[in-house]
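Structural characterization, general
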Amino acid sequence: MVLKLLGLGFRYLLRRPYTRLYPYKEPPFTTERTRARHLLYMDRCIGCRACQLACPADAIKMYKIEGEWPKNRLKIFPGVDYSRCTYCGLCVEACPTSALVMTDYTMEHLITEDKSTTLYTPEMLAEPPKGEHRVTFTKDLLKPPPQPPPKKGGGG
Amino acid sequence: MRKLQVFLGPQHPGAPGNVAFLLTLDGERILDVDLIPGFLHRGFEKMMEYRRWDMDLVMSARICVEDPDHVELSYTHAMDQIFGVDPPERAKYARTIVAEFSRLASHLLWMMHFAGPVAARYATSWAIAAREEVLKWFDYVAGHRIYHHYIYPGGVRWNLPKDLKERTLQVLDRVEGLVRDMERGFFLHPVFQRRARDVGRLKASDAVRLGATGPVLRGSGVAHDIRKALKYDAYGMVDFEIPKGEYGDAYDRAMVRLREMYVSIGIIRQAVQQIPEEGPYRWRLPMALPPGEGVGRVESARGEFMTHIVSTTEKPGGRPLEPYRIKFRGPTMAHLTTVLKHIVHNEEITVADFPVVVGSLDPCPPDIDR
Ligand code: SF4
Ligand code: SF4
């Protein structure tokens, strides 16, 4: 028994460590679907506030941005407070024009010592993240869009 | 006899998370134990009354950090009843797969918490390595590691990836290998057996009387499992056994959890083979919540998790999108109050045994406080 256990222990000693040497050697683990920092396409946004109303964490606030916005008569755009955001993606789902998407630029990159920097204004959200990232969560993930249930009912 | 009262937790390394206990001691022996909850009270039930039903789903996952998908699942079942929908076949399998992965992740985290106090530090690392594989799988399917928000009223939130079968089977092989090593290196280890055998015994009749559910109940020899009893989602379509113990001690409860990990792996393997290749993954539900009542009962990693939702149009202020009342009932409260007190009163439990007894009950303090 003891020898067997020692053998087992040695096998693990020779294995590659599971831990990622983040941030020095490896980036955080992400996939094609990782939901993290948003990206806002300001030219698509119509200022409908659907994203703000969908946010369970009340992380979204609308900001007035002066400029030429033919689609956005009210000139209001969403800004996200990352000290509140839960990365649930309900805002992306609610957006009728796909103006809001999420990238895999994870919260590990957004860690900050200064609390006042967690607030991302629309202009900051429109700027793609500095580091390596890909756009992961768009409404394309919901394709084909869900249809209403067949009529008949029944328990869940 | 001079009695001594000692607080254990909420910051004590031997405490199972954010709860405290007041222990009444006579020397090393524990005479009585009182649970002191409330450190993690976030007022979820009240918050949810003021949020839309889809936002509530996102909040529900946070009630039990270790096993979020079962909370989502019980919430979803209750919502499905209120909307009167039966999810599509593909979604039923998807829910089953995600729920079983959640059980695996939860049991592996329990293993980490449990192996620490019995001084098997190596087993903690193996458990975390195996859990890491599961969390990466969650990131690949649901986009997040811990809170997935994937199970959704009317089905699942989005479709499963195309290469689900191959990738899931690979992950399961790796996890199973690690679990087998843990079995040989920890569960069958004589030191662990001596530490956990005959500690914290709970008879079957007492377990039923005191409201124990899940692995605690099954460890005492009662083969009750809601997955079998209600056959919800795809559980009626897969084959699995219910592991149970014999003596109802800490060792039996640990072994039940170990065997449940193998059972979960088996269920997922069957489900990825059987899941329909095509078909809808979710029904679109109306935004307005119809009046009605729904109860969702699921077998979570720790036992029965229940969600009761009442929706009415006569709500003051007329809020058609938000439920009138949501009530959650998790398994942990019974385990840390009645069951723990019963064990301490009927057996000679020392301070050193206490983490073993509490660990074997696998509490999830957030589901007491909510
Ligand atoms: S991801 Fe969720 S929490 Fe974050 S801003 Fe969007 S809706 Fe709000
Ligand atoms: S981002 Fe989308 S949902 Fe939000 S205001 Fe703009 S268009 Fe509306």
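Residues numbered from 1 in each chain as written. Chains lettered and ligands numbered in written order. Predicted model: local features only at pLDDT ≥ 70, side-chain atom pairs only at ≥ 80, totals over all residues. Heavy atoms only, no water.

Right, let's talk about the overall build of chain B for a bit. The helix and strand tally for chain B stands at 14 helices and 9 strands. Its C-alpha atoms give chain B a radius of gyration of 21 Å, near enough to 21 Å, the size a compact globule of 370 residues would have. Taking the principal axes of its C-alpha atoms as reference, chain B extends roughly 65 × 50 × 35 Å. Residues counted as buried form 64% of the 370 residues belonging to chain B. (Helix = DSSP H or I, 4+ residues; strand = E, 2+ residues; numbered from the N terminus. Rg over C-alpha atoms; globule rule 2.2 N^0.38 Å. Buried < 20%, exposed > 50% of the residue type's maximum accessible area, 1.4 Å probe, protein only.)

Residue and element names in this part refer to chain B. One pass over the structure, following the stated rule, counts 1 disulfide over all chains. Here Cys 64 connects covalently by a disulfide to Cys 364, the sulfurs 2.5 Å from one another. One disulfide, between Cys 64 and Cys 364, carries an S-S torsion of 130 degrees and so falls in the right-handed class. With Cys 64 in the loop between helix H2 (53–60) and helix H3 (68–83) and Cys 364 in the loop between helix H13 (354–361) and helix H14 (366–369), this residue pair connects regions lying 300 residues apart in the sequence. Grouping residues by exposure puts Cys 64 and Cys 364 together as buried. (Disulfide = S-S within 2.5 Å.)

Let us look at helix H12 (residues 332–346) of chain B. Residue and element names in this part refer to chain B. Across its 15 residues, H12 extends 20 Å between first and last C-alpha, which sits within 8% of the 21 Å expected from 1.5 Å per residue. In H12, a bend of some 30 degrees at Leu 340 exceeds every other bend along the element. Residues Thr 332, Ala 334, His 335, Leu 336, Val 339, Leu 340, His 342, Ile 343 and Val 344 constitute the buried set of H12. (Expected span 1.5 Å × (residues − 1). Bend = angle between axes of the 7 residues up to and from the residue.)

Every residue lining ligand 1 is accounted for by His 38, Cys 55, Pro 56, Ile 60, Cys 85, Thr 86, Tyr 87, Cys 88, Gly 89, Cys 91 and Met 102 of chain A. Class assignment for the residues of the shell around ligand 1 results in 8 nonpolar, 3 polar and no charged. (Near = heavy atom within 4 Å. Nonpolar A, V, L, I, M, F, W, Y, C, P; charged D, E, K, R; others polar.)

The next subject is the sheet that holds strand E7 (residues 303–311) of chain B. All names here are of chain B. The strand order across the open sheet built from 3 strands is E6-E7-E8, with neighbouring strands paired in antiparallel fashion. Every interior strand has two partners, whereas the edge strands, strand E6 (292–300) and strand E8 (325–329), have only one. Between one strand and the next, the sheet's axes are offset by a mean angle of 10 degrees, whatever the strand orientation. In terms of strand pairing, E7 meets E8 through 5 bridges, oriented antiparallel. In the strand pairing of E8, Thr 307 is matched with Phe 328. Across the sheet, H3 is in contact with E6, E7 and E8; its angle to E6 comes to roughly 150 degrees. (Pairing = 2+ DSSP bridges. Axes fitted to C-alpha atoms, helices over the stretch in contact; angles between N-to-C directions. Contact = heavy atoms within 4.5 Å.)

Residues and elements named next belong to chain B. Interaxial distance between H3 and helix H4 (residues 89–115) falls to 8 Å at its minimum, and their mutual angle equals 145 degrees. Within the contact between the two elements, H3 uses Pro 68, Asp 69, His 70, Leu 73, Thr 76, His 77 and Asp 80 and H4 uses Arg 95, Val 98, Ala 99, Ser 102 and Arg 103. Per-class residue counts for the contact of H3 with H4 are 4 nonpolar, 4 polar and 4 charged.

Looking now at the interface of chain B and chain A. At the junction of the two partners, chain B supplies 42 residues and chain A supplies 39 residues. Both sides of the chain B and chain A interface together cover about 3600 Å² of buried area, and 56% of this is carbon and sulfur. At the junction of chain B with chain A, the criterion picks out 4 salt bridges. The residue Arg 11 of chain A makes a salt bridge to Asp 181 of chain B at a minimum N-O spacing of 3.1 Å. Connecting chain B to chain A are 18 residue pairs in polar contact (both at pLDDT 80 or more). Elements that contribute at least two residues to the side of chain B that touches chain A include exactly H2, H3, helix H5 (121–142) and helix H6 (164–187) of chain B. Per element, the largest residue contribution to the side of chain B that touches chain A is 8 residues, and it comes from H5 of chain B. Of the residues belonging to the side of chain B that touches chain A, the class tally is 19 nonpolar, 9 polar and 14 charged. (Buried area = accessible area lost by both parts, 1.4 Å probe. Salt bridge = Lys/Arg side-chain N within 4 Å of Asp/Glu carboxyl O. Polar contact = N/O pair within 3.5 Å; in protein donor to acceptor, adjacent residues only side chain to side chain.)

A few words now on helix H11 (residues 250–274) of chain B. If you check H11 of chain B, its first and last C-alpha atoms are 36 Å apart, about what 25 residues at 1.5 Å a residue would give, namely 36 Å. When you tally the buried positions in H11 of chain B, you get 19 out of 25 residues, the bulk of the element.

One pass over the structure, following the stated rule, counts 21 aromatic pairs over all chains. Considering the side-chain rings of Tyr 82 of chain A and Tyr 87 of chain A, the 5.9 Å spacing of their centres and the 20 degrees angle between planes classify their relative orientation as stacked. Tyr 87 of chain A matches Tyr 82 of chain A in its accessibility class, with the two residues each being buried. Members of the aromatic cluster, joined through ring pairs, are Trp 110, Phe 114, Phe 186, Phe 187, Phe 192 and Tyr 251 of chain B. For Arg 62 of chain B, the ring lying beneath its charged end belongs to Tyr 147 of chain B, and the centroid distance is 4.2 Å. Across from the ring centre of Phe 240 of chain B, 4.0 Å away, lies the NZ or CZ of Lys 228 of chain B, which sits over that ring. (Phe/Tyr/Trp six-rings, centres within 6.5 Å; stacked < 30°, edge-to-face > 60°. Lys NZ or Arg CZ within 6 Å of the ring centre and 35° of its normal.)

In the vicinity of ligand 2, the contacting residues are Cys 45, Ile 46, Gly 47, Cys 48, Arg 49, Ala 50, Cys 51, Met 62, Pro 78, Cys 95, Pro 96 and Thr 97 of chain A. Per-class residue counts for the shell around ligand 2 are 9 nonpolar, 2 polar and 1 charged.

Once that is clear, we can look at the pairing of E6 of chain B. Residues and elements named next belong to chain B. As paired elements, E6 and E7 share 9 bridges and run antiparallel to each other. The residue bridging Ser 300 from the neighbouring strand is Gly 303, located in E7. Between E6 and E7, which pair antiparallel and follow one another directly, the connecting turn spans 2 residues.

All names here are of chain B. One finds Phe 101, Trp 137 and Phe 186 to be the most contacted residues of the largest nonpolar core, which totals 124 residues. No other element matches the 14 residues that H4 contributes to this core. Every residue in contact with Phe 101, bar those within four places of it in the chain, is listed here: Val 134, Trp 137, Phe 138, Thr 168, Val 171, Leu 172 and Ile 268. Leu 25, Leu 35, Ala 212 and Ile 343 belong to the second largest nonpolar core, which has 26 residues in total. (Core = buried A, V, L, I, M, F, W, Y, C linked by side-chain atoms within 4.5 Å.)

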